[in-house]
Amino acid sequence: MATFLYKLGRLAFRRRHFVALIWVALLTLAGVGAASAPAAGNTSFSIPGTEAQKAFDLLEQRFPGMSADGATARVVFKAPDGEKMTDAAHKATVEKTVKELSDGSEVASVTDPFQAKAVSEDGTIAYASVSYKVSGMELEDSSREALEDAAEGARDAGLTVEIGGDALQTTPETGATEVIGIAVAAVVLVITFGSLISAGMPLLTALIGVGIGVSAITALASTLDLGSTTSTLAMMIGLAVGIDYALFIVSRYRAELAEGRAREEAAGRAAGTAGSAVVFAGLTVVIALVGLSVVNIPMLTKMGVAAAGTVAIAVLIALTLIPALLGYAGRKVRPAGEKGRLLGGGRAQSAEKAAKPNMGTRWASFVVRRPVAVLLLGVIGLGAAAVPVSSLELGLGDDGSQPTSTTQRRAYDLLSEGFGAGFNGPLMVVVDAQGSDDPQAVFSDVGDEIKGLKNVVTVTPATPNEAGDTATITVIPDAKPSSVTTEDLVHAIRDRGTDIKAATDAEILVTGSTAMNIDVSQKLNDALVPYLVLVVGLAFLLLIVVFRSILVPLKAALGFLLSVMAALGAVVAVFQWGWFAGLLGVEETGPVMSMMPIFMVGVVFGLAMDYEVFLVTRMREAYVHGETPGQAVVTGFRHGARVVTAAAVIMMAVFAGFIGSSESMVKMIGFGLAIAVFFDAFVVRMAIVPAVLALLGKKAWWLPKWLDRALPNVDVEGEGLRAHDDADRELARA
């Protein structure tokens, strides 16, 4: 591995014009593809294998005229205090509004509140339902403007009017904090390298990689049904790993220069040593992201595969474009320890200062002397941060989780006030009586059975299809959609359905957004353990090959579990309990997004292994070259601590930049990943890892002889490069 990458690095350094041309061409091709591709529609959300999805598919077969993908809107009216919606003036205003809403070319249907009996019992609140022929993301601006103009006209007449539903859905914005994150990364790189040129390379290559990845996703969005969140996630992870991987290559290049090697030789050795770590670190991230497909949720699978593709691009760029740019930079990239002129370069450094141990050396020496205390402090601290996980509540967001400043949230609250909390989460019961002798009787019996259940407010009469063998029944719970009471009601209806099927051969299915959310949460919970076993198991085997050790990969996996549990606890504390919610722009607390735990496991594991590989390979390199285990830990920190620290700060800054997103899912992911990187890099990798290695001593690098013979020698430490003649070093000194 090291020898191949060494040759690749030297080739890219020599043929830099050709390498740069290839990447510019790829960026241009992806950009043209994104610009010419059709606009992506609203992402379909299907959950194969769930009852809610089965019912949805059945509806499309038996009710072909039902537009399941069309956007919907609920225009909610409230009369002034002391008045009723049934008053003649207000009734005329609503009827005029309904007529205006019906005029749009994309409108499929509009229901009149007075004809559909959509008026509250006290007569103060009413709503009109608007159905569209296209999805929310495909709606033209003119349709949205017509919807808002109609509502504004009713407001001018004295009514309170709010709009709910997905018709006003827009593409989420990340905000200016994303740019701030990149700016912080730039500052950290300048401080780390002491050179503007060296600092600019990781930023430039990361932006090129993300540009190619996101442009490719945009170009394929319509064809592959990729949503906006997919490109946002790819950008988030691509920026973070792209900067980090380039950072490690450039840092090792400068270290090789400081040892007196010629520039082409230094580029080759940087690609052979740090590049090997980049390859295996990238592989762990790709495994974790692609492994999300085992959950069998198409949206999550697409997000993982797209982000994994962006990571693969970042690895390739680090191995090829970085050596090429180093060739262009020439002497402007200085050896480690030297700064550019703008940052004080050229000053003589005292021998005393040059010989002084750096911060990484001093910290590692302290940990090696006090391993037990550091280990206990780190484990207890992460354990305390993980305590909130015990009260974790999972769910999927709806209009009730929107900020109170939005019209969608105000419409949600008005509907709850007028029709009950459960009105915002109706259950749709689908009765398939195709195998029954008397379908009409079955429809009636099912309705009566559901009416007899607890926590049911309303059960509408069955609405059969044209064939008369399938019907839908709408059930309004008495509790809000995300409550445990509503979840219990869904299970109760399904249990009754089992008894009815045994007696009549009719199948009862419960669907709707509320039932779908319940099924998604259950599916994610069921998949978490198999996913952990698959991803951690594969990465464990990969790390055995990299480190040629059993205990080091085991320690890496256990440390990851500590950091991800602590990060998940922080997410619960902020987004569910409301701690520091105002500071982070979280306007509404509630259940944690259902896919957050499994998503954090996947992404954080991959990123955690980055730091493990980058830091511990330096230690193993020192150990293989004859140092004692304790000395190897200190050596690893002397060469790697500063760079790993910079990489972690950069990754945190990039992830934190997405906290400013207008979409709660992106905001939560950005915060969760940022805090996870903090815990893993600064507590696990910088404290717990050296403490454990110091306690284990030589046992840390133990590997059964039979396994040592069976494993391939990937030579991450670059031992094979010692066979190369060091004539270039002598040439550089001349």
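Quick caveat: nothing in here was measured; it's all calculated off a predicted structure. (Residues numbered from 1 in each chain as written. Predicted model: local features only at pLDDT ≥ 70, side-chain atom pairs only at ≥ 80, totals over all residues. Heavy atoms only, no water.)

1. Thoughts on helix H18 (residues 551–576)
(1) Moving on: Its 26 residues place the ends of H18 37 Å apart at the C-alpha level, agreeing with the 38 Å of an ideal helix rising 1.5 Å per residue.
(2) Moving on: The element H18 is extensively covered by neighbouring structure, given that 20 of its 26 residues are classed as buried.
(3) Moving on: Gly 578 sits one or two positions beyond H18 and adopts a positive phi of about 95 degrees. (Helix = DSSP H or I, 4+ residues; strand = E, 2+ residues; numbered from the N terminus. Expected span 1.5 Å × (residues − 1). Buried < 20%, exposed > 50% of the residue type's maximum accessible area, 1.4 Å probe, protein only.)

2. Some points on the packing of aromatic side chains
(1) Moving on: Per the counting criterion, the structure on display carries 9 aromatic pairs.
(2) Moving on: Measuring from centroid to centroid gives 5.7 Å for Tyr 623 and Trp 701, while their planes differ by 20 degrees, and the two rings are stacked. Highlighted residues: Tyr 623 in helix H19 (residues 596–624) and Trp 701 in the loop between helix H21 (664–696) and helix H22 (705–710), separated in sequence by 78 residues.
(3) Moving on: Taking the relative accessible area as the measure of exposure, Tyr 623 reaches 23% and is therefore partly exposed.
(4) Moving on: Judged by relative accessible area, which is 9%, Trp 701 ranks as buried.
(5) Moving on: The rings of Tyr 127, Phe 419 and Phe 423 are connected pair by pair, giving a single aromatic cluster.
(6) Moving on: If you follow Arg 16 out to its NZ or CZ, it ends over the ring of Tyr 328, 6.0 Å from the centre.
(7) Moving on: When the ring centre of Tyr 127 is taken as origin, the NZ or CZ atom of Arg 74, which lies over that ring, is 5.3 Å away. (Phe/Tyr/Trp six-rings, centres within 6.5 Å; stacked < 30°, edge-to-face > 60°. Lys NZ or Arg CZ within 6 Å of the ring centre and 35° of its normal.)

3. Things to note about the pattern of salt bridges
(1) Moving on: Inspection of the entire model under this criterion finds 20 salt bridges.
(2) Moving on: The partner of Lys 78 in a salt bridge is Glu 417, and the shortest N-O contact between them spans 3.1 Å. Highlighted residues: Lys 78 in strand E1 (residues 72–78) and Glu 417 in helix H14 (residues 407–419), separated in sequence by 339 residues.
(3) Moving on: A salt bridge links Asp 708 to Arg 548; the nearest nitrogen and oxygen atoms lie 2.8 Å apart. Of this pair, Asp 708 sits in helix H22 while Arg 548 sits in the loop between helix H17 (513–547) and H18, and the two are 160 residues apart along the sequence.
(4) Moving on: With relative accessibility at 37%, the residue Asp 708 sits in the partly exposed group.
(5) Moving on: Residues joined in a network through salt bridges with shared partners are Arg 10, Arg 14, Glu 264, Glu 265 and Arg 269. (Salt bridge = Lys/Arg side-chain N within 4 Å of Asp/Glu carboxyl O.)

4. Some points on the sheet that holds E1
(1) Moving on: Pairing within the open sheet is antiparallel, and its 4 strands lie in the order E2-E3-E1-E4. Taken across any chain shown, the strands that pair with only one partner, and hence form the sheet edges, are strand E2 (107–110) and strand E4 (160–164). In this sheet, adjacent strand axes meet at a mean angle of 20 degrees when their direction is disregarded.
(2) Moving on: Strands in contact with H14 are E1, strand E3 (125–132) and E4; relative to E4, the strand with the most contacts, it is inclined by about 110 degrees. (Pairing = 2+ DSSP bridges. Axes fitted to C-alpha atoms, helices over the stretch in contact; angles between N-to-C directions. Contact = heavy atoms within 4.5 Å.)

5. Regarding the pairing of strand E10 (residues 507–511)
On a regular strand, one side chain projects to one face of the sheet and the next to the other, so that they alternate.
(1) Moving on: Taking burial as the measure, the 5 residues of E10 include 5 buried ones, the bulk of the element.
(2) Moving on: The alternating pattern of E10 places Glu 507, Leu 509 and Thr 511 on one face and Ile 508 and Val 510 on the opposite face, and all of these are buried.
(3) Moving on: Bridging between strand E6 (residues 427–432) and E10 involves 5 bridges; their strand directions are antiparallel. Bridge assignment links Val 431 to a residue of E10, and that residue is Ile 508.

6. A few points about the confidence of the model for the protein
(1) Moving on: Here the protein shows a mean pLDDT of 82. Residues at 70 or above account for 89%.
(2) Moving on: Note that residues 346–354 has pLDDT below 50 and, in this model, 2 contacts with residues that lie over four places away or in other chains. (pLDDT = per-residue confidence, 0-100.)

7. Details of the packing of helix H12 (residues 359–369) against helix H20 (residues 629–656)
(1) Moving on: Here H12 crosses H20 at 150 degrees, and the two axes come no closer than 8 Å. Between H12 and H20, the crossing angle belongs to the class labelled roughly antiparallel. Once H12 is placed against H20, the crossing between them reads as right-handed. Of the residues in H20, those in contact with Gly 360, Thr 361, Trp 363, Ala 364, Ser 365 and Val 368 of H12 are Gly 630, Val 633, Val 634, Phe 637, Arg 638 and Ala 641.
(2) Moving on: Residue composition of the contact of H12 with H20, by class: 7 nonpolar, 4 polar and 1 charged. (Parallel < 35°, antiparallel > 145°, perpendicular 65-115°, else oblique. Left-handed = near helix turned anticlockwise from the far one by under 90°. Nonpolar A, V, L, I, M, F, W, Y, C, P; charged D, E, K, R; others polar.)

8. Some words on a negative patch on the surface
(1) Moving on: There is a patch of like negative charges on the surface, built from Glu 100, Asp 103, Glu 145, Glu 148 and Asp 149.
(2) Moving on: Among the elements that take part in the negative patch, helix H5 (residues 141–156) stands out by supplying 3 residues, more than any other.
(3) Moving on: Turning to its location among the elements, Glu 100 is positioned in helix H4 (residues 88–101). (Patch = residues over 30% accessible without salt bridge, like charges linked within 9 Å, V, L, I, M, F, W, Y side chains within 5 Å. Areas by Shrake-Rupley, 256 points an atom, 1.4 Å probe, with all protein chains shown as cover. Lys, Arg positive; Asp, Glu negative; His and termini not counted. Charge placed at Lys NZ, Arg CZ, Asp CG, Glu CD.)

9. Notes on the side chain of Thr 470
(1) Moving on: Its location among the elements puts Thr 470 in strand E9 (residues 470–477).
(2) Moving on: A polar side-chain atom of Thr 470 sits 3.1 Å from a polar atom in the side chain of Asp 469. (Polar contact = N/O pair within 3.5 Å; in protein donor to acceptor, adjacent residues only side chain to side chain.)

10. Focus: the nonpolar core
(1) Moving on: Formed by 160 residues in total, the largest nonpolar core has its most connected members in Ile 237, Tyr 245, Tyr 253, Leu 300, Phe 560, Met 600 and Phe 655.
(2) Moving on: Top element by residues in this core is H21. It accounts for 18 residues.
(3) Moving on: Each residue touching Ile 237, except ones within four places of it in the same chain, is listed here: Leu 289, Ala 307, Val 311, Val 603 and Phe 655. (Core = buried A, V, L, I, M, F, W, Y, C linked by side-chain atoms within 4.5 Å.)

11. A look at the environment of Lys 78
(1) Moving on: Distance from Lys 78 to Gly 158, taken between C-alpha atoms, is 9.4 Å for residues 80 residues apart in sequence.
(2) Moving on: Those residues in contact with Lys 78 that lie beyond four places of it in its chain are Met 85, Thr 124, Ile 125, Leu 159, Thr 160, Leu 414 and Glu 417.
(3) Moving on: A polar contact is formed between the side chain of Lys 78 and the side chain of Glu 417, at a distance of 3.1 Å.

12. Brief notes about the pairing of E4
(1) Moving on: Judged by how many residues are buried, E4 sits mostly within the fold: 4 of 5 residues are covered.
(2) Moving on: The pairing of E1 with E4 spans 5 bridges and is antiparallel. Bridging from a neighbouring strand, Arg 74 pairs with Gly 164 of E4.

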